[in-house]
Amino acid sequence: MHALRHDILSPSGVEFAVALSFTSSTSSTLVNVVTAKSNLLRVYGIREQPSPISDRVESERDKRARVRKGTEAVEGEVEMDQSGEGWVNMGAVKSNASQEPATTWRFYLIREHTVHGVVTGIDKVRTMSSNDDNLDRLLVSFKDAKIALLEWSEAIHDLVTVSIHTYERSPQMAVLDSPLFRPELRADPLSRCAALSLPKDSLAILPFYQTQAEFDVMEQDQSLAREVPYSPSFVLDLVADVDPNLRNVIDFVFLLGYHNPTIAVLCRSEKTWVGRLKEYRDTGRLYIFTLDLLNHIYPIITTVDNLPYDCLSLHPCAQSIGGVIILTTNSLIYVDQAARRVSLPVNGWSARVSDIPSLPHDKDLDLDLDGSRLVFADEKTFFVIRKDGMVHPVEIVSDGRTVSKLVLSPALAQTTIPTVTRQLDGGMIFVGSSVGPSVLLRAVRVEEEIEEGEADDTNAAPTAVVDTKNAMDIDDFDDDDLYGESKPVTQTAANGTAPGAHPFRTRTVIHLSLCDSLPAYGPIADMTFSLSKLGERYVPELVVAAGSGHLGGFTLFQRDLPIRTKRKLHVLGGARGIWSIPVRQSHRVNGTSYEKTSGGLFAGENDSIVISTDANPSPGVSRIATRAAKTDLAIPTRIPGTTVGAGPFFQRTAILHVMTNAIRVLEPDGTERQIIKDMDGNMPRARIKACSICDPFVLILREDETIGLFIGETERGKIRRKDMSPMGEKSSRYFAGCFYTDTSSVFEMITTDGTVAASSSDKNVTSTLQAAVTAGHDSQWLVLIRPQGVMEIWSLPKLTLVFSSAAISTLEPVLNDTFDPPALSPPQDPPRKLQDLDIEQILVAPLGESDPTPHLFLFMRCGQLAVYEVHSSPSSTPPSGGRSAFVKIIFTKVLSRTFELSKQEEAEKTVLAEQKRISRTFVPFATCPSTSSNVSGGHTLTGVFFTGDRPSWIVRTDKGGHKLFPSGHAVVHAFTACSLWESKAEFLVYSDEGPSLLEWIPDIELDTSLPKRSLPRSRPYSNVVFEPSASLIVAASTLQARFASYDEDSNMLWEPDGAGVSFPQCDCSALELISPDSWVTMDGYEFAPNEYVNALECVTLETLSTESGSRDFIAVGTTIDRGEDLAVKGATYIFEVVEVVPDPSSSIQRWYKLKLRVRDDSKGPVTALCGINGYLVSSMGQKIFVRAFDLDERLVGVAFLDVGVYVTSLRVLKNLLLIGDAVKSVWLVAFQEDPYKLVILAKDIRRAYVANVDFFFTNGELSIVLNDEEGVLRMFTYDPSDPESRGGQHLLCHAEFHCHKECRASRTIARRTKEDNEIPQAKLIAGFTDGSLSALTPVDEGAFKRLYLLQGQLLRNVQHVAGLNPRVYRIVRNDTVSKPMSKGILDGQLLQAFEELGVQGQQEMTRQIGTERMAVLRDWSGLALPW
């Protein structure tokens, strides 16, 4: 049995981050932030953008209140003239207003890569090449002891691997526990070297050349200085080469301000724990030594002994102060170069576990710094961010370079749960989280006035305050969560005195504000499928319990972009096209025409008419509809004939209407102003099949592949033909074409003499009105595709060729200008036959959220869709004697998909075939998605909709990049964005259900590969199930409670006995019954404070209360903690979901509650549950019990089985039971009822920790899939006929696949193929601790052979990011077999690279394995679906 394993969702969150100048400094990016989580690498840019308008509402309101009545600014005016002339110089006002705009800093995703390795660290360095481009290089370390050096290439707008350094064969990596070791990467601040930690207390040192003098000392060839920026690396054994006592390394950092690279290493001389503190107490040590990279000498500068045993991390201070900050669980310690220590305790435990001299302890202070992160705001202030997100400012008080004390202030805000913190330029701080959103904060020092009462009270002066003036629209945080209420906000004052006033003193305070955030949902604890109601239909929705702490909650995923139908519009029709157009409605009164405008903001931008067309009845009919009542449509005009395209024209004062044989100009009311028949003299031309309208130009494409170009004359209000002689003969053939209006200034025409040409105005314009209208327009361009596969871009209105590329026909990753003259495409005799690689559709349109950029969309006849992003290219010199003008742009491929299309026969040209024809076109749109707090939409999203039998939304978000989402329809014939009913979030769609008005559901997020909605609940959930009979969600939340131990007489054994000492915390749980429609908690059940849920399942049990004799119950298995001296106990609960009378005041019609039926105590923890044939299967310690639900009031045991050590997973298929154990791997057991008995069929004889185990079947074949704690996926078979199975006693492992992450939850779903078997295939959906989601899909024999051979070709012939080896990444170390068992499972991450290749690369690879390119793409597109 074969399978494909591929990721549905990428890892969520940030584990490692670094700020650097990485991409081109000429762009709008201030600084780059590179983040990593698991195997995902992302490159962000931080851009400066205007603040949202909502932030300045209050200031505008105050300003208007001060304006004298009658002098308010009219619409379009910025402010009234204050000196009283009565007029305003708008130019001056605009220039003054733009001098100091309110701006903020926002993240913008530039590039992301899924690498074939687990990232364990990233840092920045500067090489000798950095002197040329002034850019940093990126260092990335991986779990198998590799370091990759990457740089940014503007030529391909992507990462380029410079070198890779491997240490996996070093003696240190040969130790037995090396898989448990995570190498950490650190780089010298001056980029002289980098260090990677290795097992057995060693460091791998990689030196870099910084100057030519260093390179000359090494006496090597100078031509290698640029290509090889590093000298040979070496491994430094800290015990042998530095100090024999330097062992058990905790953390290490490079220090600032030294002539040679200097490292501070924090370590433990002896390993200890709380129970051994009497023997080994202060075991922490700090070593500071220098690296002499030439002579390999490592002199020790400072050694500090007797540091607390619970030291966590090391942080270097600024060069002006020197020394390091050591973060421990109970204190903060500053250590300088002279080994002087200053310790600040944060709770009462510090003095009990350590003898280090400390500052006086604040009796009210009781903090736990375990899991905290530290980041410097400036030289003398740093923030400690605790694991609950509380931010504490700490000030370093010093006299010169001598630090006297550390001052800890109360928490001033609550932010995300920190994993990594980085200080950026400009006072910005990045706090990355692996369990929730990551945030960008800004800390700015502000001079503030000291009140008279505070002048002498230095303790009353806060070190930092929260600045709430810049509260951003961050979806993931409420203002209360982010800012808290710990500190009153201090208002800033002017640093000066008024005449006659008393002088006052000022102090400097750090103001902390939120700039932006990166959305994330964190690790997946459990998941289940539920039903989501979208209008009248139900769709499957994946409910994921994710997050941690106060960031916990639910995340809802759907396969298709969720939309809901607002109403049907059958009167509209539109099976062949719908266009919603904004036109200014002009009315005539007494012979004078004026434009009618309705009140309200942006009233002129709303659509006013809708044009629809149908092919029935022949020869077609077109309708012009307007808004009648609130929701109705009126159709005043019907026109015989089929509409090809329509759009606003002459600055939205007319409609340009293209039909199959004519081009018409219509008045806003639909009456005809002008018509141009598409004739060649007196001979009719071929029918018009497509058009592109871009005021004042019109392009038509005919069925014989000729084109026509028209231009509008604004003064006459009519159109005329435009001369196309620069493009070739009139009979030239073209496949596709479109216009593009550039608003981003990426398209800039440059002539060969180096001057920038203004392409938007014509020197020979004679019409004064035409010149006035076009003066302020953005540049316009014409994009054409010729039959030989050449894309040409022509400037308008002069028709100058500025770009030409033949690489588009093979979908190459990068399209560059070839500087060719116009390609000739005369008609061929005999006519050329259509081919699969012919381009059917092309569109250039903006795509994006806050800053849309131009993108090229194209679709081929073979079903391949590609999206290219347009970038400004580095300066390139065109060849002499070529074209006279060019644009400095490149196209980089960002998205590629293959659709399996249902094609009709080309020879079939009947009327019926025309009726069945499916139109596949790209339709651009702009929408303002509605949110629960803002119905009209908060932000504008520009995207493209692809119609046809694979309808899809193509969007790009600022933080998620390019995404393609299915629409959920079987076919969409026509689409348009529509604001006819004054909503920017509605769409008119003609689908298989007819014409309807649609909208996206509120609060949808498009940053991930699946559309999602986030439901923050301020608490995490450990288990979640769907109760099908009532369609409700049952979830177990995880909370924290104080824990106390009692003896047999119920006397408390210990209670807090000092200041700053408190009870320990333990897990506890509560059960919640939730409605998936409104996500309201209907009912709940609280367990004991020391009891938490291990297992939660919906099981079907036999009962007397129903006619069928069975019903669904909620089964819960718990653990009861009793302290470290007593063994844990457990309990089994059976709940029933019952319907009750709803509250009359509630809007919910049906209300449910949880009714406890049975509580059954057990001597051990109940760790796993399931149902089998109406019985309950539960684990208790080392036993499995099968129990019947007797009389709905008790559980009666009918069978039991002694199993392994700790059962982690139970799965059922008919009467077969899979048991996963923490030590004894997996057992296959059968259950029989007459007599009651559990029979062991087979077991895996190896030791393995099973996290999840599932049945996996297809077409009569059965396998067992196991996920262990190390992230290894194994497939077992039960085959008694195989001699190796010892008569069926042993399960046979036939495939192993390394996922490198632990699977917490898995669900088996049905996969139905075209064969329509009676029993569907099983598809396995698995959720992981890094937030990723994967699918395991069965693959038939023929497809597996093709894809497996292709996998080998991709392994050898594709340049993988960071130079990593995909095969080694998936190999599992197994000493019982001679070669890896990796053949049975395909790697979807590797196979996905095939779809991203160009056509030539795809054909070359498939030719070598003896198959066809499209056959492989069809295999892949059919398997790589989410569900």
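The structure this text deals with has already been given above.
Everything in this summary refers to the structure shown in the same document. Values in this document were obtained by computation on a predicted structure and should not be read as measured data. (Residues numbered from 1 in each chain as written. Predicted model: local features only at pLDDT ≥ 70, side-chain atom pairs only at ≥ 80, totals over all residues. Heavy atoms only, no water.)

Now for the overall build of the chain. Tallying secondary structure elements over the chain gives 14 helices and 94 strands in all. When each of the 1427 residues of the chain is scored for burial, the buried share is 54%. The long-range fraction of contacts in the chain, counting pairs at least 24 apart against all pairs at least 6 apart in sequence, stands at 59%. Just so you have it, the chain exposes about 63500 Å², and 48% of that area is on carbon and sulfur atoms. (Helix = DSSP H or I, 4+ residues; strand = E, 2+ residues; numbered from the N terminus. Buried < 20%, exposed > 50% of the residue type's maximum accessible area, 1.4 Å probe, protein only. Contact = heavy atoms within 4.5 Å. Areas by Shrake-Rupley, 256 points an atom, 1.4 Å probe, with all protein chains shown as cover.)

With that out of the way, let us pick up the nonpolar core. Note on soluble globular proteins: their nonpolar side chains tend to be buried together. Counting residues in each nonpolar core, the largest one holds 52 residues, and the members touching the most others are M791, L856 and F891. In this view, F891 contacts M791, I793, F803, P813, V814, L815, L856, Y868, E869 and V870; residues no more than four positions away in its chain are not counted. (Core = buried A, V, L, I, M, F, W, Y, C linked by side-chain atoms within 4.5 Å.)

Each pair of packed helices can be summarised by the angle the axes make with each other and by the distance between the axes. Where helix α10 (residues 1341-1357) contacts helix α12 (residues 1388-1396), the two axes come as close as 9 Å, and the packing angle between them is 80°. By the criterion of interaxial angle, the relationship of α10 to α12 is roughly perpendicular. Only L1390, L1391 and F1394 of α12 make contact with α10, whose side of the interface consists of L1347, L1350, Q1351, L1354 and L1355. Here the residues of the contact of α10 with α12 are counted per class, giving seven nonpolar, one polar and no charged. (Axes fitted to C-alpha atoms, helices over the stretch in contact; angles between N-to-C directions. Parallel < 35°, antiparallel > 145°, perpendicular 65-115°, else oblique. Nonpolar A, V, L, I, M, F, W, Y, C, P; charged D, E, K, R; others polar.)

Moving on, we get to the pattern of salt bridges. With the rule as written, the count across this model stands at 63 salt bridges. The residue R445 makes a salt bridge to D378 at a minimum N-O spacing of 2.3 Å. With R445 in strand β29 (residues 438-449) and D378 in the loop between β22 (373-376) and β23 (381-385), the pair connects residues that are 67 residues apart, well separated along the chain. In the salt-bridge network here, residues are joined through shared partners; they are D678, D680, R685, R702 and R721. (Salt bridge = Lys/Arg side-chain N within 4 Å of Asp/Glu carboxyl O.)

Glancing now at helix α13 (residues 1399-1408). Buried within α13 are the following residues: V1399, Q1402, M1405 and T1406. Along α13, the residues classed as buried sweep out an arc of 130° about the axis, all on the same side. Projecting away from the buried face of α13 at angles above 90 degrees are the exposed residues Q1400 and R1407. Buried residues in α13 make contact with β60 (864-872), α10, α12 and α14 (1413-1423). G1410 sits one or two residues past α13 and shows a positive phi near 70°. (Arc of directions from axis to C-beta.)

Assignment of secondary structure puts R137 in strand β7 (residues 137-142). Classification of R137 by relative accessible area gives buried; the value is 5%. Apart from the residues lying within four places of it in its own chain, the contact partners of R137 are L20, F22, D123, K124, V125, T127, S129, S130, L149, L150 and E151. Within the local environment of R137, its side chain forms a polar contact with the side chain of E151, the two groups lying 3.0 Å apart. (Polar contact = N/O pair within 3.5 Å; in protein donor to acceptor, adjacent residues only side chain to side chain.)

Bringing the packing of α12 against α14 into the picture now. Direction vectors running N to C along α12 and α14 enclose 135°, while the axes themselves pass 11 Å from each other. Here α14 runs oblique to α12, going by the angle between their axes. Considering the relative orientation of α12 and α14, their crossing is left-handed. Of α14, the residues touching α12 (which contributes G1388, L1391, Q1392, F1394 and E1395) are R1413, V1416, L1417 and W1420. Counted by class, the contact of α12 with α14 contains five nonpolar, two polar and two charged residues. (Left-handed = near helix turned anticlockwise from the far one by under 90°.)

Let us now look at the sheet that holds strand β54 (residues 779-785). Taken together, the four strands give an open sheet; going across it, the order is β52-β54-β55-β56, and neighbouring strands pair in antiparallel fashion. A strand with exactly one partner marks an edge of an open sheet, and here the two such strands are β52 (736-742) and β56 (800-805). Each adjacent strand pair in this sheet contributes to an overall mean axis angle of 20°, direction not counted. (Pairing = 2+ DSSP bridges.)

Ordered by their spatial adjacency, four strands build an open sheet running β87-β88-β89-β90, and the pairing between neighbours is antiparallel. A strand with exactly one partner marks an edge of an open sheet, and here the two such strands are β87 (1250-1258) and β90 (1292-1298). This sheet shows a mean twist of 20° between the axes of neighbouring strands, independent of strand direction. Note: strand β88 (residues 1261-1268) against strand β89 (residues 1272-1277), four bridges, orientation antiparallel. Bridge pairing in β89 places V1265 opposite M1275.

Right, let's get into the environment of A977. Mapped onto the secondary structure, A977 falls in strand β67 (residues 972-978). With 20 residues separating them in the primary sequence, A977 and L997 have C-alpha atoms 9.6 Å apart. Not counting the four nearest positions on each side in its chain, A977 is found in contact with S580, D607, F925, A926, E986 and F987.

Counted by the stated rule, this structure contains 42 aromatic pairs. Ring centres of Y1085 and F1135 lie 5.1 Å apart, and the angle between their planes is 65°; on these two criteria the pair is classed as edge-to-face. One end of the pair, Y1085, is in strand β74 (residues 1081-1086); the other, F1135, is in strand β77 (residues 1129-1140), and 50 residues separate them in sequence. By relative accessible area, which is 25% here, Y1085 ends up partly exposed. (Phe/Tyr/Trp six-rings, centres within 6.5 Å; stacked < 30°, edge-to-face > 60°.)

Put simply, side chains in a regular strand alternate between the two faces of the sheet. When you tally the buried positions in strand β20 (residues 331-335), you get five out of five residues, the bulk of the element. Burial along β20 is two-sided: S331, I333 and V335 facing one way and L332 and Y334 facing the other are all buried. Where strand β19 (residues 324-328) lies against β20, four bridges are found, and the strand directions are antiparallel. Its bridge partner being in β20, I326 is matched across the sheet by I333. Here β19 folds back onto β20, and the loop between the two strands holds two residues. Note that β20 and strand β21 (residues 341-345) share five bridges and pair antiparallel. Bridging from a neighbouring strand, Y334 pairs with V342 of β21. The turn joining β20 and β21, which pair antiparallel and follow one another in sequence, is formed by five residues; a positive phi near 70° is taken by A339.

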